[in-house]
Amino acid sequence: MPTPEDGSASASFDAVLTELGIAIDPELRELALVHRSYAYEHDHVPNNERLEFLGDAVLGIVVTDYIYRSFPEMPEGQLAKLRAATVSASSLAEVARALGIGRLVHLGKGEETTNGRGKTSILADTTEALIGALWLTSKDGAREFVRHLFAPLVDHAATLGAGLDWKTSLQELAANLCLGAPEYVVAEDGPDHDKHFTAWVHLGEREFPCGEGHSKKHAEQWAARYAYEMLVPDEQ
């Protein structure tokens, strides 16, 4: 997927719509870009949260349909993992960064000063709002947009095996080895706009390397990965 920095024509939201021949209602597009922090500072004008609600549902059904049709032999549990990985906030933010959506969103001064344009949550929510705006403009257009951007993420996630969800994979492996359920301890430091998290996983008497990340979830996933990779030889 191209990134905004690579200078390619497809590295922007509007350019992708043009490339796909998809239209979006201008007023809905503008509304989809209004974060609640901006609305609060501008006489509580309408924000994008209702469109985000709609877009979340649209994304879920289009991705679910693609996964169901693409992997006819995959069991339900694996289908669910694949969908969760594809529609996660981090995946949505990845798409948003590729489309330069952070440059488009309207933010309040507080979010501007704390790097709101780069926040995973804001990028993910805005992407869902834009999908909602596309759905209200053209259902077919919204489906095409989602398939175009998220099908490659589905296909990639399907190759990850245990890495699709390290925490779940570790839990399953620990059960097979009769080690009990993994327990996580997380520490955080840094200012609110730039938190850093460190996670440790406890499993029996074993010790494992800590995981680190800019969110609790990422830190726990890395900790689970290290533990999983150390325990795999025990299962073989």
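The preceding data block contains the structure.
Just so it is clear, the structure is predicted and the values come from calculations on it, not from any experiment.

**Quick notes on the sheet that holds strand β1 (residues 183-189)**
Sheet architecture is open: three strands sit in the order β1-β2-β3, paired in antiparallel fashion. What marks the edges here is a single partner per strand, and that holds for β1 and β3 (211-213). Adjacent strand axes in the sheet meet at a mean angle of 20 degrees when their direction is disregarded. Two elements, β1 and strand β2 (residues 196-202), share seven bridges in a ladder whose sense is antiparallel. Bridging from a neighbouring strand, Tyr184 pairs with Val201 of β2.

**Here we look at helix α5 (residues 76-86)**
For α5, every residue scored as buried is listed here: Leu79, Lys81, Leu82 and Thr86. Projected onto a plane normal to the axis of α5, the buried residues spread over an arc of 160 degrees and lie on a single side.

**As for the pairing of β2**
Adjacent in sequence and paired antiparallel, β1 and β2 are bridged by six residues, among which Gly190 carries a positive phi angle near 100 degrees. Looking at chain direction, β2 and β3 are connected through three bridges and run antiparallel. The residue of β3 that forms the bridge with Ala199 is Gly211.

**Here we look at the side chain of Ser37**
Tracing the sequence through the fold places Ser37 in helix α3 (residues 36-41). Using a relative accessible area of 15% as the deciding quantity, one classes Ser37 as buried. Separated by 2.8 Å, the side chains of Ser37 and His35 make a polar contact.

**So, the environment of Asp65**
Position of Asp65 relative to the elements: it lies in helix α4 (residues 49-70). Separated by 141 residues in sequence, Asp65 and Arg206 place their C-alpha atoms 41 Å apart. Within the structure, Asp65 has its side chain in polar contact with the side chain of Arg69 (distance 2.9 Å).

**As for the pattern of salt bridges**
Counted according to the given criterion, the structure contains 11 salt bridges. Here Glu49 makes a salt bridge to Arg36, at a shortest N to O gap of 3.2 Å. With Glu49 in helix α4 and Arg36 in helix α3, this residue pair connects regions lying 13 residues apart in the sequence. On the basis of relative accessibility, which here comes to 47%, the residue Arg36 falls in the partly exposed class. Across the pair Lys167 and Glu220 runs a salt bridge, and its minimum N-O distance is 2.7 Å. Of this pair, Lys167 sits in helix α10 (residues 166-176) while Glu220 sits in helix α11 (residues 216-235); the two residues are 53 residues apart in sequence, bridging distant segments of the chain. Overall, Lys167 belongs to the partly exposed group, its relative accessible area being 27%.

**A closer look at the environment of Val87**
For Val87, the position within the fold is in the loop between α5 and α6 (89-99). In sequence terms Val87 and Phe150 are 63 residues apart; their C-alpha atoms lie 8.3 Å from each other. Val87 has contacts with Leu59, Val63 and Leu92, leaving out every residue within four places of it along the chain.

**Looking at the packing of α6 against helix α8 (residues 120-137)**
Following both chains from N to C, one finds α6 and α8 inclined at 75 degrees, their axes separated by 8 Å at the closest point. The pairing of α6 with α8 is recorded here as roughly perpendicular in orientation. Between α6 and α8, the contacting residues are Ala89, Ser90, Leu92, Ala93, Val95, Ala96 and Arg97 on the first element and Thr120, Leu123, Ala124, Thr127 and Glu128 on the second. Partitioned by chemical class, the residues of the contact of α6 with α8 number seven nonpolar, three polar and two charged.

**A word on the nonpolar core**
Counting residues in hydrophobic clusters, the biggest one holds 40 residues, and the most contacted among them are Phe13, Leu99, Leu134, Phe145, Val146 and Phe150. When contributions to this core are tallied by element, the ones reaching two or more residues are α1 (13-20), α2 (26-32), α4, α5, α6, α8 and α9 (139-157). Filtering out sequence-adjacent residues up to four positions away, Phe150 remains in contact with Leu59, Val63, Thr86, Leu92, Val95 and Ile131. Core analysis: the next-biggest nonpolar cluster, separate from the first, contains 12 residues, Trp166, Val201, Leu231 and Val232 among them.

Reading the values: the criteria
Residues numbered from 1 in each chain as written. Predicted model: local features only at pLDDT ≥ 70, side-chain atom pairs only at ≥ 80, totals over all residues. Heavy atoms only, no water. Pairing = 2+ DSSP bridges. Helix = DSSP H or I, 4+ residues; strand = E, 2+ residues; numbered from the N terminus. Axes fitted to C-alpha atoms, helices over the stretch in contact; angles between N-to-C directions. Buried < 20%, exposed > 50% of the residue type's maximum accessible area, 1.4 Å probe, protein only. Arc of directions from axis to C-beta. Polar contact = N/O pair within 3.5 Å; in protein donor to acceptor, adjacent residues only side chain to side chain. Salt bridge = Lys/Arg side-chain N within 4 Å of Asp/Glu carboxyl O. Contact = heavy atoms within 4.5 Å. Parallel < 35°, antiparallel > 145°, perpendicular 65-115°, else oblique. Nonpolar A, V, L, I, M, F, W, Y, C, P; charged D, E, K, R; others polar. Core = buried A, V, L, I, M, F, W, Y, C linked by side-chain atoms within 4.5 Å.

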